[in-house]
Amino acid sequence: MPIDALGLWPEWTWYAIVAAAIFAAVVHGAIGFGFPLISTPLVALITDVRTAVLTTLIPNLVLNVISVVRGANWVATLQQYWRVAAYVLLGTIVGTWVLSFADTRVLKLLLSGLIIVHLLQTRIRGVDWTRLQRFPRLSPLVFGSLGGFFAGTVNVTVPPLLIYFSSLELAPVVMTQALNLSFLVGRSTQALALAASGQLGSPIVMLSLPLCLIAVLALWVGFRLQRRIRPETFNRLLRIVLWTMAATLAGQAGSGYLS
């Protein structure tokens, strides 16, 4: 569905977008990241990837800012890992350019594949990723640029950045701040590029403003849940949802090629 058709959406579509934002923000608050990873494919299931990226862009920015400054010594984290964020910026510029003309069926397949990569990262971690520390200049360039490219095209930055920051064996708070710093740079670059190309119009902004408020309130709920829910239970439910979304997106893309 094209962006120009926002006003023609049925009422249930709006409710579904709000529900996706709430669920994604709660998860983000509970585990420290995940809003774009969840909100983008959920919205893409009922619209398309380009629309999903645009409608969740501004809430993403707001949640990233909150996640960066939450916790102590966030300025030190910024000073130490700004280079990764700079590479994310470069990759996002390329990815956003690709988003402007790419086939939405290809984007859905890419998004589905990235979700699967994220889900399989526990097995990938069986590889000794700490060897990346032997290449202190090349590693952040490669993984930061890849994360930025995926941020620009399908709004999902997590898999390559999580691999890189996990290899550094950072404390959970520092990793959350470093990840969200990179996300923030990618989202800001993406917003500027989309606005300059005319794709980030007033209908999207008007939709995003109430979504921001809803997402922030849901984020606070996620912070509270972080202290109460058993991590293994939460992660198990999240994996079921993500596998379902990946399969559905791949099926939608496949049916689009067959039709």
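Residues numbered from 1 in each chain as written. Predicted model: local features only at pLDDT ≥ 70, side-chain atom pairs only at ≥ 80, totals over all residues. Heavy atoms only, no water.

### Things to note about helix α8 (residues 158-167)
Then, in step 1: Counting buried positions over the ten residues of α8 gives nine, a clear majority of the element.
Then, in step 2: A positive backbone phi angle near 55° is found at Glu 169, which sits one or two residues after α8. (Buried < 20%, exposed > 50% of the residue type's maximum accessible area, 1.4 Å probe, protein only. Helix = DSSP H or I, 4+ residues; strand = E, 2+ residues; numbered from the N terminus.)

### Here we look at the packing of α8 against helix α9 (residues 172-196)
Then, in step 1: Closest axis-to-axis distance for the α8/α9 pair is 11 Å, and the angle between their directions is 145°. Crossing handedness for the pair α8 and α9: right-handed. Counting all contacts with α8, which are made through Val 158, Leu 161, Leu 162, Phe 165 and Ser 166, the residues of α9 involved are Met 175, Ala 178, Leu 179, Ser 182 and Phe 183.
Then, in step 2: Considering only residue class, the contact of α8 with α9 consists of eight nonpolar, two polar and no charged. (Axes fitted to C-alpha atoms, helices over the stretch in contact; angles between N-to-C directions. Left-handed = near helix turned anticlockwise from the far one by under 90°. Contact = heavy atoms within 4.5 Å. Nonpolar A, V, L, I, M, F, W, Y, C, P; charged D, E, K, R; others polar.)

### Brief notes about the packing of aromatic side chains
Then, in step 1: By the definition in use, this model includes five aromatic pairs.
Then, in step 2: Ring geometry for Phe 143 versus Tyr 164: centroids 6.3 Å apart, planes at 25°, classification stacked. Of the two residues, Phe 143 sits in helix α7 (residues 138-154) while Tyr 164 sits in helix α8, which places them 21 residues apart along the sequence. Each member of the pair, Phe 143 together with Tyr 164, is buried.
Then, in step 3: It is Arg 70 that lies over the ring of Phe 223; its NZ or CZ is 3.7 Å from the centre.
Then, in step 4: Between Arg 105 and the ring centre of Tyr 257, over which it is positioned, the NZ or CZ distance is 4.2 Å. (Phe/Tyr/Trp six-rings, centres within 6.5 Å; stacked < 30°, edge-to-face > 60°. Lys NZ or Arg CZ within 6 Å of the ring centre and 35° of its normal.)

### Structural notes on the side chain of Lys 108
Then, in step 1: Locating Lys 108 in the fold gives a position in helix α5 (residues 104-119).
Then, in step 2: Dropping the residues within four chain positions of it, Lys 108 is found in contact with Ala 44, Thr 47, Asp 48, Val 49, Leu 249, Gln 252 and Ala 253.

### Focus: the pattern of salt bridges
Where charged atoms of side chains with opposite charge meet at close range, the side chains can pair.
Then, in step 1: In the structure shown here, the tally under the stated rule is one salt bridge.
Then, in step 2: The shortest N-O distance in the salt bridge between Arg 105 and Asp 103 comes to 2.7 Å.
Then, in step 3: Taking relative accessible area as the criterion, Arg 105 reaches 28% and is therefore assigned partly exposed.
Then, in step 4: Given a relative accessible area of 30%, Asp 103 falls into the partly exposed group. (Salt bridge = Lys/Arg side-chain N within 4 Å of Asp/Glu carboxyl O.)

### Remarks on a positive patch on the surface
Then, in step 1: Taken together, the side chains of Arg 70, Arg 224, Arg 227 and Arg 228 make up a positively charged region of the molecular surface.
Then, in step 2: Along the chain, Arg 224 falls in helix α10 (residues 202-226). (Patch = residues over 30% accessible without salt bridge, like charges linked within 9 Å, V, L, I, M, F, W, Y side chains within 5 Å. Areas by Shrake-Rupley, 256 points an atom, 1.4 Å probe, with all protein chains shown as cover. Lys, Arg positive; Asp, Glu negative; His and termini not counted. Charge placed at Lys NZ, Arg CZ, Asp CG, Glu CD.)

### A look at a nonpolar patch on the surface
Then, in step 1: A surface patch of nonpolar side chains, amounting to about 490 Å² of accessible area, comprises Val 65, Val 69, Trp 74, Val 75, Leu 78 and Trp 82.
Then, in step 2: Looking at the nonpolar patch, the elements with two or more residues in it are α3 (49-69) and α4 (74-99).
Then, in step 3: Broken down by element, the nonpolar patch gets its largest block of residues, four residues, from α4.
Then, in step 4: Among the structural elements, Val 75 can be located in helix α4.

### Examining the environment of Phe 143
Then, in step 1: Phe 143 gets classed as buried once you look at its relative accessible area, which sits at 13%.
Then, in step 2: Considering only alpha carbons, one finds Phe 143 and Tyr 164, 21 residues apart in sequence, at a separation of 6.5 Å.

### With respect to the confidence of the model for the chain
Then, in step 1: Summarising the model, the chain shows a mean pLDDT of 82, and 93% of its residues fall at 70 or more.
Then, in step 2: Per-residue pLDDT stays below 50 along residues 1-5; that stretch engages in eight contacts with residues further than four places along the chain or on separate chains. (pLDDT = per-residue confidence, 0-100.)

### Some details on the packing of α4 against α8
Then, in step 1: Taken N-terminus to C-terminus, the directions of α4 and α8 make an angle of 160°; their axes are 13 Å apart at the nearest point. In terms of orientation, α4 and α8 fall into the roughly antiparallel class. Relative to α8, α4 is oriented so that their crossing is right-handed. Contact with α4, carried on its side by Tyr 81, Val 84 and Val 88, involves Leu 161, Tyr 164 and Phe 165 of α8 and no other residues of that element.
Then, in step 2: Its residues placed into classes, the contact of α4 with α8 shows six nonpolar, no polar and no charged. (Parallel < 35°, antiparallel > 145°, perpendicular 65-115°, else oblique.)

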